[in-house]
Amino acid sequence: MKTRLLGLSTLLVSTLWLGCDSESPSITPESEEAAQKAVPTWYRDIKPIVAQRCEGCHTATGIGPFALSTYQDAQARAAALADSVKARRMPPWLPSPDCQKFSPERRLSQKEIDLFVAWSQAGAPQGNPADDKSLPPVRLSLESPSVTLDWGEAYTPSAAKQDDYHCFLIDPKLQKDQDLVAYEFAPDQRHEVHHALIYSATMADAKAKDDAAPGLGWPCSGSSDVKSAELVATWVPGETFAEYPTRTGIRIRAGSALIAQLHYNTRHGVTPDRSRLKLRYSESPVPNRATIVPIANASFVINPYQKGATAVASSGPLPVPLKIWGVFPHMHELGRSAKITANNDCLVEIPQWQFHWQQMYFYDSDGITVPKGSEVKYTCTWDNSTGRTIRWGDGTEDEMCIAFFYTTLY
Ligand code: HEC
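Residues numbered from 1 in each chain as written. Predicted model: local features only at pLDDT ≥ 70, side-chain atom pairs only at ≥ 80, totals over all residues. Heavy atoms only, no water.

## Some words on the pattern of salt bridges
As a reminder of what qualifies: Definition used for salt bridges: Asp or Glu carboxyl oxygen within 4 Å of a side-chain nitrogen of Lys or Arg. Secondary structure follows DSSP: runs of H or I at least 4 residues long count as helices, runs of E at least 2 residues long count as strands, and numbering of each begins at the N terminus. Per-residue accessibility, obtained with a 1.4 Å probe over protein chains only, is compared with the maximum for each type, and a residue is labelled buried under 20%, exposed over 50%, and partly exposed between these values.
All chains considered together, the criterion is met by 13 salt bridges. The salt bridge partner of R53 is E112, with a shortest N-O separation of 3.6 Å. With R53 in helix α2 (residues 42-53) and E112 in helix α5 (residues 110-121), the pair connects residues that are 59 residues apart, well separated along the chain. Given the relative accessible area of 18%, E112 is considered buried. Residues participating in the shared-partner salt-bridge network are D150, R274 and R276.

What follows is the structure in structure tokens.
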């Protein structure tokens, strides 16, 4: 299969739960106390986990279908919560733990899962508010942004499409080059905003595209459809804000435009949306300028009802040594599994693909060094449940095999 490499050549680049001691022969006052302690309670054991691991999505306005803000919220569905974490459906986190460690990682430890199960089995006791050792709530928004931007007015997605991909021009009014080091995409209508891709491009290119289409912005799928566009940030549901790895950042040139590509899903109706973007620039130029580079295979053919169809996208031998800090595998709805390797070392593996949970995964470590001449490969596997022949395309019903890498020159 023909593969292609895009852009690489231009690279510049608690409380401890003690467990039930079932073997204790008799219950003395001390062990009774210990047994009491062993039963997890909401305040002591569960609330701290929920605050850290669930509330990012399960709030009144979040994308989770119900809030988990109070004891009553959680107690009412204790069994369902335990079931969802035991089966590792929640929190949603797709990468296999056997490949690499990422940060932040939305994966519960076995101990945390056991606490949920034991708490539910014990009848979801509330416990004592004095035991509440919840860490301060997880920070949900970016501290000290340099700018907050949007596209000036609300956009109402097209009700005629189930998936409306739309691009918006944003003028960051940059007088000088800036290095983007952190950002927050703040969706307005969370139930309909399914992703956001932020690009930088020349103002002339972006304006030409914007002026050519009537109304606010322009319809665009797959990418921004603007030639000079370079990806600078990504957002998917569940992400709050992102900070690029220390001492790295993405340069945005003076006078350039930003383009936000939004994916609106209109399954639950259409509501005018005015999402916002907060950016933090580095005070001084960063030592390691990063680029987000893709590799793609766009020439695959998936036959009707074909199971286990695969395609491999390859970088070819890398012309320069690279440091890879983050990986973002992408496919559409027929994806079954995804794996990225560098010289056969696993960079990320998604054993069970889910279209609605995609993101850039940043490594826990100081990036992964990939020597010159290495081959980076992305293997996509699909199950075609339709009677159609499927090829590369922008529509949700087409497929893609493309992966993005947040890289710096080594
Ligand atoms: C990244 C966002 C996100 C996080 C974090 C998250 N959830 Fe969810 N949750 C969702 C969404 C969206 C749904 C509904 C769609 C679905 O099932 O995927 C859902 C559905 C559920 C459901 C009902 C469906 C099922 O699979 O059982 C339960 C129970 C649940 N979540 C519990 C939790 C618990 C407990 C946590 C924390 C340990 C958590 N969730 C963390 C987004 C999230």
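Picking up where we left off.
## Let's talk about α2
Quick note on the threshold: Here, expected helix span is obtained from the residue count minus one, scaled by 1.5 Å.
With 12 residues, α2 ought to run about 16 Å at 1.5 Å a step, yet its terminal C-alpha atoms sit only 14 Å apart, falling short of that. For α2, a buried count of 9 out of 12 residues is recorded, marking the element as mostly surrounded by other parts of the structure. Among all positions in α2, only W42, Y43, R44, D45, I46, P48, I49, V50 and A51 are buried.

## Here's the deal with the side chain of Q358
Note the cut-off: For the purposes of these results, a polar contact is taken to be a pair of N or O atoms within 3.5 Å, where, inside protein, one atom must be able to donate a hydrogen and its partner to accept one; residues adjacent in sequence count only when each atom of the pair is a side-chain atom. We call two residues in contact whenever any of their non-hydrogen atoms come within 4.5 Å of each other.
As for its position among the elements, Q358 is in the loop between β18 (345-350) and β19 (361-362). For Q358, the side chain forms a polar contact with the main-chain oxygen of M331, separated by 3.3 Å. Within polar-contact distance, the side chain of Q358 engages the backbone oxygen of F355 at 2.9 Å. Ignoring sequence-local partners within four residues, the contact set of Q358 consists of V236, F328, P329, H330, M331 and W353.

## Quick look at the coordination of the iron atom of the ligand
So the rule is basically this: Coordinating N, O and S atoms are those within 2.8 Å of the metal (3.2 Å for Na, K and Ca), and as water is not part of the atoms, a site may appear to have fewer donors than expected. Square planar and octahedral assignments, for four and six donors respectively, both demand that opposite donors be over 155 degrees apart and that all other angles lie between 65 and 115; tetrahedral needs four donors with all angles between 85 and 135 degrees, and anything else is irregular.
Coordination sphere of the iron atom of the ligand, protein contribution only: H58 (NE2) and M90 (SD), at 2.0 to 2.3 Å. Around the iron atom of the ligand, the 6 donor atoms are arranged such that angles at the metal cover 85 to 180°; this shape is classified as octahedral. A residue pair is termed long-range when its members are at least 10 positions apart, and H58 in the loop between α2 and α3 (71-76) and M90 in the loop between α4 (78-86) and α5 qualify at 32 residues. M90 gets classed as partly exposed once you look at its relative accessible area, which sits at 32%.

## Topic: the site of the ligand
Counted only if it meets this: Here, proximity means that at least one heavy atom of the residue falls within 4 Å of the molecule or strand.
Taken together, 19 residues surround the ligand, and among them C54, C57, H58, R89 and M90 come closest. Within the contact set of the ligand, a nitrogen atom lies 2.7 Å away from a side-chain nitrogen or oxygen of H58. At 2.8 Å from an oxygen atom of the ligand is found a side-chain nitrogen or oxygen belonging to R89.

## Quick word on the packing of α4 against α5
Let me state the cut-off plainly: Axes here mean lines fitted to C-alpha atoms, for a helix over just the part in contact, with angles spanning 0 to 180 degrees between N-to-C directions. Throughout this description, any angle smaller than 35 degrees is read as roughly parallel, any larger than 145 degrees as roughly antiparallel, any in the 65 to 115 degree range as roughly perpendicular, and the remainder as oblique. Each crossing is labelled by how the near helix is turned from the far one, with a counterclockwise turn of less than a right angle marking it left-handed and a clockwise turn marking it right-handed.
Here α4 crosses α5 at 155°, and the two axes come no closer than 9 Å. With respect to their mutual orientation, α4 and α5 come out roughly antiparallel. Regarding α4 and α5, the two cross each other, and that crossing is left-handed. Along its contact with α4, which presents A78, A79, L81, A82, V85 and K86, the element α5 presents I113, F116, V117, W119 and S120.

## Some points on the pairing of strand β16 (residues 322-330)
As a reminder of what qualifies: When DSSP finds at least two bridges between two strands, those strands are taken to pair.
Judged by how many residues are buried, β16 sits mostly within the fold: 9 of 9 residues are covered. In this sheet, strand β20 (residues 368-370) lies alongside β16 in antiparallel orientation, the contact comprising 3 bridges. Its bridge partner being in β20, K323 is matched across the sheet by T369. Pairing of β16 with strand β23 (residues 402-409) involves 8 bridges; the strand directions are antiparallel. From the neighbouring strand, F328 faces β23, where its bridge partner is F404.

Don't take any of this as a statement about function, it's just geometry.
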